[in-house]
Amino acid sequence: MLLDKGYIRQMMKAKRLQQMETFSPLSSRISQTVLKHPKIQQAAMIGCYVSLNEEVDTHQLIKKLLKNHRVCVPKVHGNTMDFYEIYSLTDLTEGYFHVLEPTTNLLVDINDIDIMIVPMLAYDAQFYRVGYGKGYYDRYFANGYQGYKLGLAYSFQYVDAINHDQYDIPIDEIITEKAL
């Protein structure tokens, strides 16, 4: 049965609140898997979301990635999202949707990002994801992104099937604490 995205968003937000106390060890396990991933190890420039409290934590992951890679993070401008290179987490300040955004003006070309680490509220077996409903990542990907798309999620965020449309772009792989 295909699930409506609005229903999935409500369901996952409630599930995340119930399970928040277990996130830290699960996020650590996910981060370790990400750091060992061959696509990450080979990447020169990595795009990564900056997590909110109830998402898979990327703050420590970004710190570790910055030791051996160039890292860029998103900044929202109206209906679009661009990625800017950062050198540390001190290059971030609260922005749109209470998400930390880059303060640098080092805009990264879409073709220079080798791998994109993507957030999600839910995912299915076909690698479709449900985000927060604004479509920023799907629009970014549709704008010519050719790199690898790696989603991070907790295993409880899995749903059988997401009702997707022509604007939804599946990602290439999803890593959970169970290492899909």
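Described in the following lines is the structure provided in the data block.

Definitions and cut-offs
Each chain has its residues counted from 1, running along the sequence as written. It should be noted that, the model being predicted, local features are given only for residues of pLDDT at least 70 and side-chain atom pairs only at 80 or more, the latter also being counted only at that level, while totals for whole chains, interfaces and linings use all residues. Processing note: side-chain calculations cover all non-hydrogen atoms of the structure and skip hydrogens and water entirely. Only Phe, Tyr and Trp rings are paired, with Trp represented by its six-membered ring, and only when their centres lie within 6.5 Å; those with planes under 30 degrees apart are stacked, over 60 edge-to-face, the remainder tilted. Comment: elements are numbered from the N terminus, with helices defined as DSSP H or I runs of at least four residues and strands as E runs of at least two. Burial classes: relative accessible area under 20% of the type maximum marks a residue as buried, over 50% as exposed, and values in between as partly exposed (1.4 Å probe, protein chains only). We call a charge positioned above a ring when the Lys NZ or Arg CZ atom is no farther than 6 Å from the ring centre and deviates by at most 35 degrees from the ring normal. Every case where a carboxyl oxygen of Asp or Glu lies within 4 Å of a side-chain nitrogen of Lys or Arg is listed as a salt bridge. Note on pairing: DSSP must find at least two bridges between two strands before they are called paired. An axis is simply a line fitted to the C-alpha atoms; with a helix, the fit covers only the stretch in contact. Between two such axes, the angle follows the N-to-C directions and lies from 0 to 180 degrees. A cavity, in this analysis, means grid points on a 1 Å lattice covering only the protein atoms where a 1.4 Å probe fits yet has no way out; a pocket is instead an open set bounded by protein on both sides within 12 Å along at least five of seven lines, and a residue lines either one if it has an atom within 4 Å of a point. Grid points are joined across faces, edges and corners, and a volume is the space filled by probe spheres set on the points. Gly is put with the polar residues, along with every residue not named as nonpolar or charged; the nonpolar set is Ala, Val, Leu, Ile, Met, Phe, Trp, Tyr, Cys and Pro, and the charged set is Asp, Glu, Lys and Arg. Nine residue types can take part in a nonpolar core, namely buried Ala, Val, Leu, Ile, Met, Phe, Trp, Tyr and Cys, and a core is a set of them joined through side-chain atoms within 4.5 Å. Here a residue-residue contact requires only that any non-hydrogen atoms of the pair lie within 4.5 Å. Note on disulfides: each one is a pair of cysteine sulfur atoms within 2.5 Å.

## Things to note about the packing of aromatic side chains
- In this structure the tally under the stated criterion is seven aromatic pairs.
- For the ring pair Tyr123 and Tyr158, a centre distance of 5.6 Å and an interplane angle of 65° mean the geometry is edge-to-face. With Tyr123 in strand 7 (residues 122-123) and Tyr158 in the loop between strand 9 (148-152) and strand 10 (173-175), the pair connects residues that are 35 residues apart, well separated along the chain.
- Judged by relative accessible area, which is 36%, Tyr158 ranks as partly exposed.
- Site record: aromatic cluster; members linked through ring pairs are Phe83, Tyr137, Tyr140, Phe141 and Tyr145.
- Above the face of the Tyr136 ring, Arg139 is positioned so that its terminal group lies 5.1 Å from the ring centre.
- Here the guanidinium or amino end of Lys149 rests over the ring plane of Phe141, the centre of that ring lying 5.6 Å away.

## Let's talk about the pattern of salt bridges
- Using the criterion set out here, one finds two salt bridges in the structure.
- Residue Arg70 pairs with Glu85 through a salt bridge whose shortest N-O separation is 2.8 Å. Taken as a pair, Arg70 in strand 2 (residues 70-77) and Glu85 in strand 3 (residues 80-86) lie far apart in primary sequence, 15 residues in all.
- Taking the shortest distance from any N to any O, the salt bridge between Asp172 and Lys149 comes out at 3.6 Å. You can see Asp172 sitting in the loop between strand 9 and strand 10 and its partner Lys149 sitting in strand 9, a full 23 residues away along the chain.
- Under the relative-accessibility criterion, Asp172 is labelled partly exposed at 33%.
- With a relative accessible area of 11%, Lys149 lands in the buried category.

## Comments concerning the sheet that holds strand 1 (residues 45-48)
- Overall, mixed pairing links the six strands, which are arranged 3-2-1-6-9-10 in an open sheet. On the outer flanks of this sheet lie strand 3 and strand 10, each paired with one strand and no other. Mean inter-strand twist for the sheet, computed between neighbouring axes without regard to direction, equals 30°.
- Bridge count between strand 2 and strand 3: seven bridges; the pairing is antiparallel.

## Here we look at the layout of surface pockets
- In this structure, the largest pocket spans a volume of roughly 620 Å³.
- Looking at the largest pocket, it is lined by 30 residues, and the ones nearest its centre are Tyr132, Lys134, Gly135, Tyr136 and Tyr137.
- Elements represented by at least two residues in the lining of the largest pocket include exactly helix 1 (5-19), strand 2, strand 8 (129-130) and helix 5 (136-142).
- Among the elements that line the lining of the largest pocket, the one with the most residues is helix 5, at five residues.
- Looking at the lining of the largest pocket, its residues break down into 16 nonpolar, three polar and 11 charged.

## Some words on the nonpolar core
- Counting 53 residues, the largest nonpolar core has Val34, Ile113, Met116, Ile117, Tyr140 and Leu152 as its most contacted members.
- Apart from the residues within four sequence positions on either side, Tyr140 is in contact with Met81, Asp82, Phe83, Val108, Ile110, Ile113, Met116 and Tyr145.

## A closer look at the state of the cysteines
- Overall, the coordinates contain zero disulfides when judged by the stated rule.
- Just so you know, Cys48 is unpaired, no disulfide at all, and the nearest cysteine sulfur is the one on Cys72, 9.1 Å from it.
- For Cys48, a relative accessible area of 0% gives the class buried.
- Residue class for Cys72 comes out buried when judged on its relative accessible area of 0%.

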